[in-house]
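Remarks on the overall topology
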Amino acid sequence: MEQVLKLRNLKVVFPTDYGLIRAVEGIDLDIYDRECVALVGESGSGKSVTSQAVMRLLGSPPSLVRVDVLEFDGRDLTRCTEKEMQEIRGKEMAMIFQDAMTSLNPVMTVGRQIDEVYIRHEGDSKQAAREKTVKALELIGIPEPGERANAFPHQLSGGMRQRVLLAMAFACMPKLIIADEPTTALDVTIQAQVLKTLRGMQKGCGTSLLLVTHDLSVVASIADRVYVMYAGKIVEKAPVEDLFIKPHHPYTVGLMAAVPTLTDEKKKFTQIPGTVPSPVNKPSGCYFHPRCEYATERCRREMPSLVPVGQGREVRCFHPLSVEGGKSSE
Amino acid sequence: MSDIITLQNVSVHFPVRGFLPFLKKGEIQAVSDVSLRIGRGEIFGIVGESGCGKTTLANTMVGFVKPTAGKVLFEGVDLSSLPRQEFKKVRRRMQMIFQDPFSSLNPRFNVYQIVSEPMLIRGEDDEESMKARVVELLEMVGLSSGDLYRYPSDFSGGQRQRIGIARAISLNPSFLVCDEPVSALDVSIHAQILNLLLELQEKLNLTYVFISHNLADVKKLCDRLAVMYLGKVMEAGNSDKIFAKPLHPYTQALMAAVLNIDFSGKREIAVLPGDTPSPIDPPPGCRFWQRCPKAMRGCKDVPPEYVEVEEDHVVACHLVNGFPKTELPDGYDQPLVRSEKTVKVRR
């Protein structure tokens, strides 16, 4: 399979008055053709920073980015000038943001905002661009696309606005789309609609998708492979089905238990105790040990490395769990 | 169990004004003809999509919004009949927890100022006892006295929500409205906040109204619930009964929309098509007819009545209750054939 994105040893730090914030500490990421890869983690785990680093959207200052390899579609992005990056962004790599209301321009009709993509990247005339825009809106499932194109963002509902962002991202049929929490601000019913559209478009257009989210139920719905992040490091990597059937890392197990479902017991919510450590002052050893019920002396001292366990799976834990939730042999 | 809140045919309408303020263009029927009762010590869920009027309804319960018609009784007393001073006294016993912990806390106040403000407004002036009380409250919600002089920006989303909860319980309320208290938080933090709410309920003997658009949270938390759509209650009653036998197509659609992480069976995303239509001058019939997968021709024009299908389980749907024996349009019970164009989107 063709590799769309290859990322090796990405490190991002933000020097601040309070100390060095190590947002991302050495991440490897591979995305193959027509694949949906999910990057899961709580706020502050560094998942958004990673996705922005891939698009080279992080300003320096404030950030310092180190990366060994950043290859997109066979090209070395670290050597691209800002001008070349501008050609790539939007055309070959596009981004969908969480909050559609703030990422759309409120004083421009949504149609014009999508037109811009075609005018800028495909050199279309205004008329030709608008025709394509209407077609794109129709494809994404917006009723009366010709009329809707003349609407301003505030005249559309939240689900519609998110669809407009989808249409914009898919406009030039890019190789890779990065969706940063695409459905977090939406109602459950609209979330299901948008996810289904996103999945359908991704399959239909042959695009690869990097999905950044904190919600494992979203991951379960559309992803093919999953990377679980915690405090700037990957803690588990697995194909989606394997991960949900047999999670290895205690953090993944905790995240899965936190997803509310309709079959759960009443009046009892399983929680992961504590909070994500401060990025300035991370704990010794395994970053998860203060919140982990299986932590041992070794976990407090040493940081485990990411080791392969089975086909396409890796886990960063001294005591990976087996399927029954009990401990496997070390 | 006596009821703490009773709503009698409550409607809240907001006028939509045109170019000149006295030219009324229409009416947003945010809440229309809602009758509910909430028992003491109960967790009552209000579920629905954005724009269905659940927040307006909650605001009406605590007196933020005056009902256009109908009555809100708090412990049997009509809130709108009370003189201002009396109302203020009652109002202390109802508090709110807001959705967004980032905008509901004053960024220029420290934790002590935020949590003690309700006491100041009540007229307390003893600094020492107030401080002791704030520390006690912070410990109750899982923060410590060391956080007293820190500012909201120093805290994570979950911790800020804890501050909001401490503020809400500072005057020993008996009734608490939680307006989507976890939807702005990470999934992993949801459980912590919901467990805290359960713990406080037991300790302080509270009654909650819990507003949410996620049925999974509501199922786990609530004793009774109401499912709302476009200002009307579609189905209401005992939570166990509704989840065991959801009768309204909208309730069923909401249940199907909850994403699961179960990989043992076939996986599919169930989708309820369309968007919530405009609440301005809605049609006279069932409000859900435009998106209802089982709509019949009569649903558009004949309003469904509330029928108690079993004890403490009320449904408003022609499909379940049958059409009333009045004048009915031709072919009222035939399935509705609709073209895409009939689904009008909110502007």
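Residues numbered from 1 in each chain as written. Chains lettered and ligands numbered in written order. Predicted model: local features only at pLDDT ≥ 70, side-chain atom pairs only at ≥ 80, totals over all residues.

Each helix and strand counted, chain A has 12 helices and 13 strands in total. Relative to the 2.2 N^0.38 estimate, which gives 20 Å for 330 residues, the radius of gyration of chain A is 21 Å and therefore close to what a compact globule would have. Its C-alpha atoms give chain A principal-axis dimensions of about 65 × 50 × 45 Å. The long-range fraction of contacts in chain A, counting pairs at least 24 apart against all pairs at least 6 apart in sequence, stands at 64%. (Helix = DSSP H or I, 4+ residues; strand = E, 2+ residues; numbered from the N terminus. Rg over C-alpha atoms; globule rule 2.2 N^0.38 Å. Contact = placed C-beta atoms within 7 Å.)

For the rest of this paragraph, the subject is the overall build of chain B. A tally of regular secondary structure across chain B gives 10 helices and 12 strands. Across its three principal directions, the C-alpha atoms of chain B cover 75 × 55 × 45 Å. Going through the 347 residues of chain B one by one, you find that 45% of them count as buried. Within chain B, contacts between residues at least 6 apart in sequence are counted, and of these 66% link residues at least 24 apart. (Buried ≥ 20, exposed ≤ 12 C-beta atoms within 10 Å, placed from the backbone.)

This next bit is on the packing of helix α11 (residues 250-258) of chain A against helix α6 (residues 187-204) of chain B. Their axes nearest at 8 Å, the elements α11 of chain A and α6 of chain B cross at an angle of 60°. Here α6 of chain B runs oblique to α11 of chain A, going by the angle between their axes. At the point where α11 of chain A passes α6 of chain B, the crossing takes the left-handed sense. Contact residues: Gly254, Leu255 and Ala258 of chain A in α11 of chain A; Val187, Ser188, His190 and Ala191 of chain B in α6 of chain B. (Axes fitted to C-alpha atoms, helices over the stretch in contact; angles between N-to-C directions. Parallel < 35°, antiparallel > 145°, perpendicular 65-115°, else oblique. Left-handed = near helix turned anticlockwise from the far one by under 90°.)

Residue and element names in this part refer to chain B. Reading across from one edge, β6-β7-β8-β3-β9-β10-β12-β11 is the order of the 8 strands in this open sheet, with mixed pairing throughout. Looking at the sheet topology across the chains shown, the edges are occupied by β6 (94-97) and β11 (307-310). Across the sheet, the axes of successive neighbouring strands diverge by a mean angle of 20°, strand direction being ignored. Where strand β9 (residues 224-229) and strand β10 (residues 232-238) come together, 6 bridges link them in antiparallel fashion. The partner of tyrosine 229 across the bridge, within β10, is lysine 232. (Pairing = 2+ DSSP bridges.)

Residue and element names in this part refer to chain B. Strand direction decides the pairing type here: strand β1 (residues 3-17) and strand β4 (residues 69-74), joined by 5 bridges, are antiparallel. Note on β4: the bridge partner recorded for leucine 7 is valine 72. As judged from the 2 bridges shared by β4 and strand β5 (residues 77-78), these two strands associate in the antiparallel manner. Bridging across to β5, phenylalanine 74 finds its partner in valine 77. A loop of 2 residues connects β4 with β5, the two strands running antiparallel in sequence, and glutamate 75 in this loop sits at a positive phi of about 50°.

So, about the interface of chain B and chain A. Chain B puts 40 residues into the contact, and the matching count from chain A is 41 residues. Contributing elements (two or more residues each) for the side of chain B that touches chain A: α5 (157-168), α6, α7 (215-221) and α9 (249-257) of chain B. Of the residues forming the side of chain B that touches chain A, the biggest block, 8 residues, is contributed by α6 of chain B. Taken together, the residues of the side of chain B that touches chain A break down into 20 nonpolar, 11 polar and 9 charged. (Nonpolar A, V, L, I, M, F, W, Y, C, P; charged D, E, K, R; others polar.)

Quick look at unusual backbone geometry now. Residues and elements named next belong to chain A. In the Ramachandran plot, aspartate 73 falls in the positive-phi region, its phi being about 55° despite a non-glycine side chain. Residue aspartate 73 is classed as partly exposed on the basis of its C-beta count, with 18 C-beta atoms lying within 10 Å. You will see that glutamate 181, though not glycine, has its phi angle at about 50°, which is positive. One can find glutamate 181 in the loop between β8 (176-180) and α8 (188-205).

A few words on the environment of tyrosine 332 of chain B. All names here are of chain B. Checked against the element boundaries, tyrosine 332 lands in the segment after α10 (318-321). Linking tyrosine 332 and methionine 296, residues 36 residues apart in sequence, is a C-alpha distance of 6.4 Å. When near neighbours in sequence (up to four residues on either side) are disregarded, tyrosine 332 contacts Met296, Arg297, Gly298, Val302 and Phe323.

A word on the confidence of the model for chain B. Parts of the model with low pLDDT should not have their predicted coordinates read in detail. All names here are of chain B. In this model, chain B carries a mean pLDDT of 87, and residues with pLDDT of at least 70 account for 95%. Counting interchain partners and residues more than four positions distant, the pLDDT-below-50 stretch residues 340-347 has 17 contacts. Here the predicted complex scores 0.86 on pTM and 0.83 on ipTM. (pLDDT = per-residue confidence, 0-100.)

Take the sheet that holds β4 of chain B next. All names here are of chain B. Taken together, 4 strands build an open sheet; the order of strands is β2-β1-β4-β5 and the sheet is antiparallel. Since the sheet does not close on itself, it has two edges, and those belong to β2 (24-39) and β5, each with one partner. Note: β1 against β2, 11 bridges, orientation antiparallel. Within β2, the position partnered with phenylalanine 14 by the bridge is isoleucine 28. Those strands touched by helix α1 (residues 54-61) are β1, β2 and β4, and its axis lies near 65° from that of β2.

Attention shifts here to helix α4 (residues 110-122) of chain A. Residues and elements named next belong to chain A. Taking 1.5 Å of rise per residue, 13 residues should cover 18 Å, and α4 covers 18 Å from first to last C-alpha, within 8% of that figure. Residues of α4 that are buried include every one of Val110, Gly111, Ile114, Asp115, Val117 and Tyr118, and no others. Down the axis of α4, the buried set is contained in an arc of 150°. They therefore lie on one face. Structurally, α4 contributes buried residues whose contacts are with α5 (126-139) and α7 (158-170). One or two positions beyond α4, positive phi appears at glycine 123, with a value near 65°. (Expected span 1.5 Å × (residues − 1). Arc of directions from axis to C-beta.)

Here we take up the nonpolar core. Residues Ala167, Leu211, Val219 and Val226 of chain A together with Val209, Phe210 and Val227 of chain B are the most contacted members of the largest nonpolar core, which totals 188 residues. When residues in this core are grouped by element, the largest group, 8 residues, is from α7 of chain A. Dropping the residues within four chain positions of it, valine 227 of chain B is found in contact with Val47, Gly48, Val233, Met234, Glu235, Ala236, His248, Tyr250, Thr251 and Leu254 of chain B. (Core = buried A, V, L, I, M, F, W, Y, C linked by C-beta atoms within 7 Å.)

A word on the packing of α4 of chain A against α7 of chain A. Residue and element names in this part refer to chain A. Following both chains from N to C, one finds α4 and α7 inclined at 15°, their axes separated by 9 Å at the closest point. Between α4 and α7, the angle is such that the two are roughly parallel. For α4 against α7, the interelement crossing comes out right-handed. Side by side, α4 and α7 meet where Val110, Gln113, Ile114 and Val117 of the first sit next to Val164, Ala167 and Met168 of the second.

On to the environment of asparagine 9 of chain A, then. Residue and element names in this part refer to chain A. Relative to the assigned elements, asparagine 9 resides in strand β1 (residues 3-16). Residue asparagine 9 is classed as partly exposed on the basis of its 13 C-beta neighbours within 10 Å. Each C-alpha atom, one on asparagine 9 and one on aspartate 68, is 5.7 Å from the other, the two residues being 59 residues apart in sequence.

For chain A, per-residue confidence averages 89 on the pLDDT scale, and 98% of positions sit at 70 or higher. Contacts for the low-pLDDT stretch residues 323-330 of chain A, under 50 throughout, to residues beyond four places or in other chains number 10 contacts.

Once that is clear, we can look at the environment of valine 309 of chain B. Residues and elements named next belong to chain B. Relative to the elements of secondary structure, valine 309 occurs in strand β11. By C-beta crowding, valine 309 is classed as partly exposed, having 15 other C-beta atoms within 10 Å. Expressed as a C-alpha distance, the spacing of valine 309 and glutamate 42, which sit 267 residues apart in the sequence, is 22 Å. For valine 309, the contacting residues outside a window of four places in its chain are Leu247, Val315 and Val320.

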